[in-house]
Amino acid sequence: MTTPSSMPSRMPGLAIAAAALGAVGVLPLAIVAVLGFALGGVLADAEGSRAWWTLALLLMPLLQLFAVFWLVARRGRWPLVLGAAVSLAFAGLVIGVAASVGEDVGIGPFVVAVCPLLAATLAFSPQVTAWLAGRPRRARGGEPA
């Protein structure tokens with residue numbers, strides 16, 4: 001059994017690296033979302049209304065940012081995994097669409113997927129696992145235990 005004095009309280013280096021990589025991974029996703037809206041490239045019809053799926057462009061960076069804060073707050077690492085899955089799906093979609101029209105995508109989609117994937121991987125290290133397991137729990141009355 002682990003005693004309270006042996007539980008890690010400081011954020012380990014791998015958790016800091018995971019949070020940093022997750023935060024860096026927000027930047028390309030946010031640029032894609034902003035450019036999609038600012039340049040008007042995601043219009044649904046001639047009336048100028050936006051397509052419903054364009055909200056996903058905004059949700060991707062918000063999900064990744066939420067995942068970083070969730071990890072730093074010692075709540076868990078699963079949002080990082082979800083963010084990495086969404087980033088990988090987006091990169092796969094971009095590559096698939098580009099391949100279907102015969103365009104070269106370059107390195108862009110890979111950059112979008114790499115940082116969230118590395119962040120999620122680092123979040124499952126033994127040091128981060130011990131740090132997350134050692135967070136203070138709340139008693140039933142709302143006071144920290």
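See the structure shown above.
What counts as what
- Residues numbered from 1 in each chain as written.
- Predicted model: local features only at pLDDT ≥ 70, side-chain atom pairs only at ≥ 80, totals over all residues.
- Heavy atoms only, no water.
- Phe/Tyr/Trp six-rings, centres within 6.5 Å; stacked < 30°, edge-to-face > 60°.
- Helix = DSSP H or I, 4+ residues; strand = E, 2+ residues; numbered from the N terminus.
- Buried < 20%, exposed > 50% of the residue type's maximum accessible area, 1.4 Å probe, protein only.
- Expected span 1.5 Å × (residues − 1).
- Arc of directions from axis to C-beta.
- Contact = heavy atoms within 4.5 Å.
- Patch = residues over 30% accessible without salt bridge, like charges linked within 9 Å, V, L, I, M, F, W, Y side chains within 5 Å.
- Areas by Shrake-Rupley, 256 points an atom, 1.4 Å probe, with all protein chains shown as cover.
- Salt bridge = Lys/Arg side-chain N within 4 Å of Asp/Glu carboxyl O.
- 1 Å grid on protein atoms, 1.4 Å probe; cavity = no way out; pocket = protein on both sides within 12 Å on 5 of 7 lines; lining within 4 Å.
- Points joined across faces, edges and corners; volume = space filled by probe spheres on them.
- Nonpolar A, V, L, I, M, F, W, Y, C, P; charged D, E, K, R; others polar.
- Core = buried A, V, L, I, M, F, W, Y, C linked by side-chain atoms within 4.5 Å.

J.: Explain the packing of aromatic side chains to me, using residue names and the numbers behind them.
T.: Ring pairs (aromatic) are described by centroid distance and by the angle formed between their planes. Taken as a whole and judged by the stated rule, the model has 2 aromatic pairs. Plain terms: the ring middles of Phe-66 and Trp-70 are 5.2 Å apart, the flat faces sit at 35° to each other, and that makes the pair tilted. Taken together, the residues Phe-66 and Trp-70, both in helix H2 (residues 55–72) and 4 residues apart, mark about one turn of the helix. We classify Trp-70 as partly exposed; its relative accessible area is 31%. Ring geometry for Trp-78 versus Phe-124: centroids 5.1 Å apart, planes at 70°, classification edge-to-face. Residue Trp-78 is located in helix H3 (residues 78–101), and its partner Phe-124 is located in the loop between helix H4 (108–122) and helix H5 (126–133); the two are separated by 46 residues in the primary sequence. Trp-78 gets classed as exposed once you look at its relative accessible area, which sits at 57%. Relative accessible area serves as the criterion here: at 34%, Phe-124 is assigned to the partly exposed category.

J.: Describe in detail H2, supporting the description with residues and values.
T.: An α-helix turns once per 3.6 residues; consequently, residues spaced three or four apart project the same way. Taking 1.5 Å as the rise per residue, H2 with 18 residues should run 26 Å; its terminal C-alpha atoms sit 26 Å apart, in good agreement. All of the buried residues along H2 are Leu-57, Met-60, Pro-61, Gln-64, Ala-67, Val-68 and Leu-71. All buried residues of H2 project into a common sector of 115° when viewed along the axis, lining one side. Pointing more than 90 degrees away from the buried face of H2 are the exposed residues Leu-55, Leu-59, Leu-62 and Phe-69. Lining the buried residues of H2 we find helix H1 (13–38), H3, H4 and H5. Positive backbone phi, at 65°, marks Arg-74, one or two positions downstream of H2.

J.: Report on a nonpolar patch on the surface, specifying residues and quantitative values.
T.: The grouping of Ile-107, Phe-110, Val-111, Val-114 and Leu-118 at the surface amounts to a nonpolar patch, some 450 Å² of accessible area in total. Its place among the elements puts Val-114 in helix H4. Owing to a relative accessible area of 41%, Val-114 belongs among the partly exposed residues under this scheme.

J.: How would you summarise the layout of surface pockets if you had to cite specific residues and measurements?
T.: Of the pockets and cavities examined, the largest pocket occupies roughly 320 Å³. Broken down by secondary-structure element, the contributors of at least two residues to the lining of the largest pocket are H2, H3 and H4. For the lining of the largest pocket, a count of residues per class yields 12 nonpolar, 1 polar and no charged.

J.: Outline the nonpolar core, listing residues and values.
T.: Core analysis: the biggest nonpolar cluster contains 14 residues, and Leu-71, Leu-80, Val-128, Trp-131 and Leu-132 have the highest contact counts within it. Listing elements by their share of this core, those giving two or more residues are H1, H2, H3, H4 and H5. Setting aside chain neighbours within four positions, we find Leu-71 in contact with Ala-15, Ala-18, Ala-19, Gly-76, Arg-77, Leu-80, Val-128, Trp-131 and Leu-132. Counting 6 residues, the second-largest nonpolar core is a separate cluster that includes Leu-29, Ala-33, Leu-57 and Phe-90.

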